[in-house]
Amino acid sequence: MHELIERARPVRLVIFDVDGVLTDGRLSYSSHPDAPEKEQSKVFHSRDGLGMKLLMQAGLEIGIITARSSLAVARRMADLGVPHVHQGQQDKLATYQNMIEHLALSHEQVAYMGDDIIDLPVLRRVGFAATVADASEFMQSHCHFVSKHHSGQGAARELCEFILNAQGRWDETLAYFLR
Ligand SMILES: [Mg+2]
């Protein structure tokens, strides 16, 4: 636990995968031919959204990298005010490298939460690699942090709170709500 806290302390950028992290991973397909992938609906959890907002209010950078592309994700991220939204990224590692270069950050200053093997190249580089309770044992074995909550059910929120706690910011965050 102490090592995890040490890993979370320098984090300045938190990146989330979408399907299977911010959602439960299920994809809704309509039989209608005019409803392609871009039109798919997604189910997000409000508690994950607030966690992401709290991280941003604490001054951290937030982003998503997803291989898919949908208007629902664009709308949800716009609602939350997430600044770094990268959809349709088949090569997540290249996108990640561009992001940290753009923000002038080192691997140690990044946390990434992903759930599947497509996330491994990034997870193997970041200082804080996180996954969800329902990810495979193989994925969990490659991550420093495994949430107790399942994907789309508060896993992302758990990561947000852990980082704020490790950085000594959680009390000041709570203080606002305990007024
Ligand atoms: Mg995923």
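Before any of the text, the structure's been laid out above.
Cut-offs applied
- Residues numbered from 1 in each chain as written.
- Predicted model: local features only at pLDDT ≥ 70, side-chain atom pairs only at ≥ 80, totals over all residues.
- Heavy atoms only, no water.
- Helix = DSSP H or I, 4+ residues; strand = E, 2+ residues; numbered from the N terminus.
- Buried < 20%, exposed > 50% of the residue type's maximum accessible area, 1.4 Å probe, protein only.
- Lys, Arg positive; Asp, Glu negative; His and termini not counted.
- Salt bridge = Lys/Arg side-chain N within 4 Å of Asp/Glu carboxyl O.
- Contact = heavy atoms within 4.5 Å.
- Core = buried A, V, L, I, M, F, W, Y, C linked by side-chain atoms within 4.5 Å.
- Donors = N, O, S within 2.8 Å, 3.2 Å for Na, K, Ca; no water.

Thoughts on the side chain of Arg76
(1) Moving on: Relative to the helices and strands, Arg76 resides in helix α4 (residues 71-80).
(2) Moving on: Buried and unpaired, Arg76 has no salt bridge, with Asp79 as the nearest side chain of opposite charge at 5.1 Å.
(3) Moving on: With near-sequence residues (within four places) excluded, Arg76 lies in contact with Phe44, His45, Ser46 and Gly49.

Structural notes on the nonpolar core
(1) Moving on: Residues Val14, Phe16, Leu22 and Phe128 are the most contacted members of the largest nonpolar core, which totals 53 residues.
(2) Moving on: Looking at this core, the element that brings in the most residues is helix α8 (residues 155-166), giving eight residues.
(3) Moving on: Once residues lying within four places of it in the same chain are set aside, the contact partners of Phe128 are Leu4, Arg7, Ala8, Val11, Val110, Ala111, Tyr112, His144, Phe145, Leu159 and Phe162.

As for the coordination of the magnesium ion
(1) Moving on: Taken together, the protein donors to the magnesium ion comprise Asp17 (OD), Asp19 (O) and Asp115 (OD), at separations of 2.0 to 2.1 Å.
(2) Moving on: In the primary structure, the donors to the magnesium ion are separated according to the pattern D-x1-D-x95-D. Here Asp17 is found in the loop between β1 (13-16) and α2 (18-22), whereas its partner Asp115 is found in the loop between β4 (110-113) and α6 (120-123), with 98 residues between them in sequence. Each member of the pair Asp17 and Asp115 is classed as buried.

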